[in-house]
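Residue-level structural notes
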Amino acid sequence: MLKRRLGRTDFEASVIGFGCGPYVRPTREEGVKALRRAIQLGVNLIDTARSYGDSEAIIAEALKDVGHKVFVATKSRLGTGEEVARSIEESLRQLQVSKLDLIQMHGVDREEDLTARLAPGGALEAMKRARESGKVDFIGISGHRPEVLAKAIKTGEFDVVTTPYNLLNCGADYSLFPLAEELDIGILAIKPLDARSLAVPREMIEFELNGRATSVAEAALRFALANRRITSVVVGMTNVAEVEANVPLGYEVQSLSPEQQARLKEQARMAAHTSCDGCARCAEICPYSIDIVRVFKQQVLARHYGMKEYARAAYKEVSRPQVQMCTSCQLCIENCPSQLDIPALLRKADIFLS
Ligand SMILES: NC(=O)c1ccc[n+]([C@@H]2O[C@H](COP(=O)([O-])OP(=O)(O)OC[C@H]3O[C@@H](n4cnc5c(N)ncnc54)[C@H](OP(=O)(O)O)[C@@H]3O)[C@@H](O)[C@H]2O)c1
Ligand code: SF4
Ligand code: SF4
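Predicted, not measured: the structure shown is a model, and the values here were computed from it.

Quick look at the domain arrangement of the protein
When cut into domains, the protein gives domain 1 (3-269) and domain 2 (281-353). For domain 1 versus domain 2, the separation of C-alpha centres amounts to 26 Å. On the domain 2 side, the residues contacting the seven residues of domain 1 number seven residues. Each residue belonging to the side of domain 1 that touches domain 2 can be placed in one class, and the counts come to one nonpolar, four polar and two charged.

What follows is the structure, encoded as structure tokens:
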């Protein structure tokens, strides 16, 4: 298994990491089996969170009798210092360790949220206190908006940053990864299969890569692994078959020419029924910070993945108030590499999702 240094933590992490997000689904027994197989095949980094079902307990069980270091990153979604301190204690108990390798702020997607977690009495203070008392080695942050995470890591408080990166969502490569690299911060890339929209069964769609057909999942993982700035590509796996298909991709250096990358992105957009590649350059320039990618994704989920109810509820709660602020100023179109008519697409999405 190839390894890369996780920034200033100095840990040599496997280029494929094990994501426990889906562990809210499989049984404990399946979970332990999948994790053990991954470790056997060379994975030495696991990503979890307090909110991922009983994944911390599953990890504790899978790591029993493993004779070498496996780095476990966990997270807390909570905001106040007291809540975070309790969350750290619970993670220590569930993982059955005396010290956490990495505690991350979970899902920091809005500036207000970041400000609150950095404020006195907030999450950061509790994490630093835990580090001072020897309960935590390193502190990280995770979220879905590269511009918010870039602001966070400029504070110098974080050792690791965790964010999505895939064929349909590669904005972090422009606005976050170069800065993280410069600051020597480890990068964990999550959702390499776009949280399943690229996890298409092999028989349905095949991508062509280096003259041979590959599954969409394989092409998507190769794409993420080819990005040298990323320390570890954290893929969610729920069974041994997925582990055996994915982990060996980390044994060889992956490299893709710019032309191959562009072609894969185009194929992925077709497979996922969207013309937006999630580069997030539109959000950077929008005066109202409208999360445009999120709106487009909600529309795809509703139209093509049978998740109409879920997408409409999420749209109503978070995105609709933002979309209603759009003044059609067209600044985003100038920044969009595909010159998409974003305000018109937002209006269409609003009608469909409302
Ligand atoms: N910090 C955050 O806010 C945050 C948010 C989301 C995720 N994460 C982390 O990032 C990890 C990865 O993200 P994710 O799990 O949401 O998305 P993902 O890695 O993009 O997709 C994972 C899903 O793809 C399917 N899959 C895996 N290998 C496959 C293969 N070879 N062929 C076909 N399908 C395959 C599995 O689905 P089935 O087994 O169901 O078929 C799996 O649940 C999570 O597990 C979690 O640790 C963090
Ligand atoms: S057109 Fe709408 S989405 Fe685009 S930058 Fe202007 S306000 Fe933002
Ligand atoms: S709309 Fe354009 S700029 Fe915005 S994420 Fe999609 S491709 Fe990038």
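Here we look at the environment of Leu168
Looking at where Leu168 falls in the secondary structure, it is placed in the loop between strand S8 (160-164) and helix H7 (172-175). A tally of 25 C-beta atoms within 10 Å means that Leu168 is categorised as buried. For the pair formed by Leu168 and Ala268, sequence separation is 100 residues and the distance between their alpha carbons is 6.8 Å.

Here we look at the site of ligand 2
Of all residues adjacent to ligand 2, which total 15 residues, the nearest are Cys286, Cys326, Cys329, Cys332 and Pro343. Considered class by class, the residues forming the shell around ligand 2 number twelve nonpolar, three polar and no charged.

Details of the pairing of strand S5 (residues 71-76)
The buried count for S5 comes to six of six residues, which makes it a mostly enclosed element. Of the two faces of S5, the one carrying Phe71, Ala73 and Lys75 and the one carrying Val72, Thr74 and Ser76 are both buried. One ladder, built from three bridges, connects strand S4 (residues 45-47) with S5; its direction is parallel. For Asp47, the partnering residue across the bridge sits in S5 and is Ala73. Read from S4 through helix H2 (residues 55-63) to S5, the crossover connection turns out right-handed.

Some thoughts on the packing of helix H9 (residues 216-225) against helix H11 (residues 258-271)
Axis separation between H9 and H11 bottoms out at 11 Å; the angle between their running directions is 135°. In terms of orientation, H9 and H11 fall into the oblique class. In this structure, H9 crosses over H11, and the sense of that crossing is left-handed. Contacts between H9 and H11 involve Val216, Ala219, Ala220 and Phe223 from the first element and Gln261, Leu264, Ala268 and Ala271 from the second. Among the residues making up the contact of H9 with H11, the classes are represented as seven nonpolar, one polar and no charged.

Quick word on the site of ligand 3
Taken together, the neighbourhood of ligand 3 is formed by 15 residues, with Cys276, Cys279, Arg281, Cys282 and Cys336 sitting nearest. Counting residues per element, the ones that place at least two in the shell around ligand 3 are helix H12 (281-285) and helix H13 (292-304).

Digging into the nonpolar core
The biggest cluster of nonpolar side chains holds 103 residues, and the ones touching the most others in it are Val161, Ala220, Val233 and Ile292. With eight residues, the top contributor of residues to this core is H9.

A few points about unusual backbone geometry
Glycine aside, the phi torsion of most residues is negative, and most peptide linkages are trans. The phi dihedral of Ala280 falls on the positive side, at around 70°, and the residue is not glycine. Mapping Ala280 onto the fold places it in the loop between H11 and H12. Taking the number of C-beta atoms within 10 Å as the measure of exposure, Ala280 has 25 and is therefore buried. In this structure, Ser328 takes a positive phi of about 60° despite not being glycine. Of note, Ser328 is situated in the loop between helix H14 (308-323) and helix H15 (331-335).

A few points about the sheet that holds strand S3 (residues 16-19)
Strands sit in the order S3-S4-S5-S6-S7-S8-S9-S12 around a closed barrel of eight strands; the barrel is parallel. For this sheet the average axis-to-axis angle between neighbouring strands, irrespective of direction, equals 30°. In this structure, S5 lies alongside strand S6 (residues 100-105), joined through four bridges in parallel fashion. Note that in S6 the partner of Ala73 across the bridge is Leu102.

Re H13
If you check H13, its first and last C-alpha atoms are 18 Å apart, about what 13 residues at 1.5 Å a residue would give, namely 18 Å. Of all 13 residues that make up H13, ten are buried, and the element is covered over most of its length. Turning to H13, its buried residues number three or more, namely Ile292, Val293, Arg294, Val295, Phe296, Lys297, Gln298, Gln299, Leu301 and Ala302. Tucked inside the fold, the buried residues of H13 contact H12, H14, H15 and helix H16 (342-353). Directly after H13, the chain includes Gly306, whose backbone phi takes a positive value near 60°.

Rules behind the numbers
Residues numbered from 1 in each chain as written. Chains lettered and ligands numbered in written order. Predicted model: local features only at pLDDT ≥ 70, side-chain atom pairs only at ≥ 80, totals over all residues. Domains from an automatic or database assignment. Contact = placed C-beta atoms within 7 Å. Nonpolar A, V, L, I, M, F, W, Y, C, P; charged D, E, K, R; others polar. Helix = DSSP H or I, 4+ residues; strand = E, 2+ residues; numbered from the N terminus. Buried ≥ 20, exposed ≤ 12 C-beta atoms within 10 Å, placed from the backbone. Near = placed C-beta within 6 Å. Pairing = 2+ DSSP bridges. Right-handed = clockwise from strand over helix to strand, strands pointing away. Axes fitted to C-alpha atoms, helices over the stretch in contact; angles between N-to-C directions. Parallel < 35°, antiparallel > 145°, perpendicular 65-115°, else oblique. Left-handed = near helix turned anticlockwise from the far one by under 90°. Core = buried A, V, L, I, M, F, W, Y, C linked by C-beta atoms within 7 Å. Expected span 1.5 Å × (residues − 1).

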